[in-house]
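Below are the chains, spelled out letter by letter.
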Amino acid sequence: MIQTDFLKGVSLFSDLNDEELKNVSKQIEEVEFVRDAFICKEGQQADSMFIIKSGIVQIFCDDGKGGRKILTHLKLGEYFGEMALLTDEPRNASAI
């Protein structure tokens with residue numbers, strides 16, 4: 001279970017009280033990825049979002065020419081994947 005102190009530092013959860021943070025932490029599963037592993041792929045259906053606890057995540061999409069268009073790099077405490085989860089649309093970017 002992720003500690004509530006960590007979640008307080010995530011902007012998405014910063015306004016929650018301790019009880020709400022506890023409830024959120026019960027829903028979180030910690031997952032580790034090896035370097036350069038795909039976390040999620042553009043076009044996939046979403047069943048989760050991700051909060052970065054360590055490392056750096058590259059967010060990118062297909063550039064239409066077989067390459068990657070890098071959109072951003074995310075770090076500790078930042079999150080991604082929430083839009084596809086909330087809208088029930090396929091993911092619009094990939095993450096490694």
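Here's what I pulled together on the structure shown here. (Residues numbered from 1 in each chain as written. Predicted model: local features only at pLDDT ≥ 70, side-chain atom pairs only at ≥ 80, totals over all residues. Heavy atoms only, no water.)

### Some thoughts on the overall build of the chain
Item 1. For the chain, the count of helices and strands is three helices and five strands.
Item 2. Along the three orthogonal principal directions, the C-alpha set of the chain runs to about 50 × 25 × 20 Å.
Item 3. Each of the 96 residues in the chain was classed as buried or not, and the buried ones make up 31%.
Item 4. In the chain, once contacts between residues fewer than 6 apart in sequence are set aside, the share between residues at least 24 apart is 58%.
Item 5. For the chain, the computed accessible surface area is about 6900 Å², with 48% contributed by carbon and sulfur atoms.
Item 6. Separation between the mean location of the 11 positive side-chain charges and that of the 17 negative ones in the chain comes to 5 Å. (Helix = DSSP H or I, 4+ residues; strand = E, 2+ residues; numbered from the N terminus. Buried < 20%, exposed > 50% of the residue type's maximum accessible area, 1.4 Å probe, protein only. Contact = heavy atoms within 4.5 Å. Areas by Shrake-Rupley, 256 points an atom, 1.4 Å probe, with all protein chains shown as cover. Lys, Arg positive; Asp, Glu negative; His and termini not counted. Charge placed at Lys NZ, Arg CZ, Asp CG, Glu CD.)

### Some points on helix 2 (residues 18–27)
Residues spaced three or four apart along an α-helix face the same direction, because each turn holds 3.6 residues.
Item 1. All buried positions along helix 2 are accounted for by Leu21, Val24 and Ser25. Within helix 2, the buried residues cover an arc of 100 degrees as seen down the axis, which keeps them to one side. In helix 2, the exposed positions that point more than 90 degrees away from the buried face belong to Lys26 and Gln27.
Item 2. Looking at where helix 2 begins, the residue whose side-chain oxygen comes 3.0 Å from the main-chain nitrogen of glutamate 19 is asparagine 17. (Arc of directions from axis to C-beta. Polar contact = N/O pair within 3.5 Å; in protein donor to acceptor, adjacent residues only side chain to side chain.)

### A look at the environment of cysteine 61
Item 1. Looking at the element boundaries, cysteine 61 is found in strand 2 (residues 57–62).
Item 2. Judged by its relative accessible area of 14%, cysteine 61 is buried.
Item 3. Apart from the residues within four sequence positions on either side, cysteine 61 is in contact with Glu42, Gly67, Arg68, Lys69, Leu71 and Asn92.

### What about the state of the cysteines?
Item 1. By the definition in use, this model includes zero disulfides.
Item 2. For the unlinked cysteine cysteine 61, the closest cysteine sulfur is that of cysteine 40, found at 12 Å. (Disulfide = S-S within 2.5 Å.)

### Regarding the nonpolar core
Item 1. Membership of the largest hydrophobic core is limited to ten residues, which are Ile39, Cys40, Phe50, Ile52, Val57, Ile59, Leu74, Phe80, Ala93 and Ala95.
Item 2. When sequence neighbours within four positions are dropped, the list of residues in contact with valine 57 reads Ile39, Ile52, Thr72, His73, Leu74, Phe80, Ala95 and Ile96.
Item 3. Formed by six residues, the second largest nonpolar core is a distinct cluster that contains Phe6, Leu7, Val10 and Leu21. (Core = buried A, V, L, I, M, F, W, Y, C linked by side-chain atoms within 4.5 Å.)

### Observations concerning the packing of aromatic side chains
Item 1. Counted by the stated rule, this structure contains three aromatic pairs.
Item 2. Ring centres of phenylalanine 50 and phenylalanine 80 lie 5.1 Å apart, and the angle between their planes is 20 degrees; on these two criteria the pair is classed as stacked. Here phenylalanine 50, found in strand 1 (residues 50–51), pairs with phenylalanine 80, found in strand 4 (residues 79–80); they are 30 residues apart in sequence, far enough to count as distant.
Item 3. The exposure class of phenylalanine 50 is buried, given its relative accessible area of 17%.
Item 4. Through a chain of ring-to-ring contacts, the aromatic side chains of Phe33, Phe50 and Phe80 assemble into a single cluster.
Item 5. The ring of phenylalanine 38 has lysine 41 sitting right over it, with the charged end atom 4.7 Å from the ring centre. (Phe/Tyr/Trp six-rings, centres within 6.5 Å; stacked < 30°, edge-to-face > 60°. Lys NZ or Arg CZ within 6 Å of the ring centre and 35° of its normal.)

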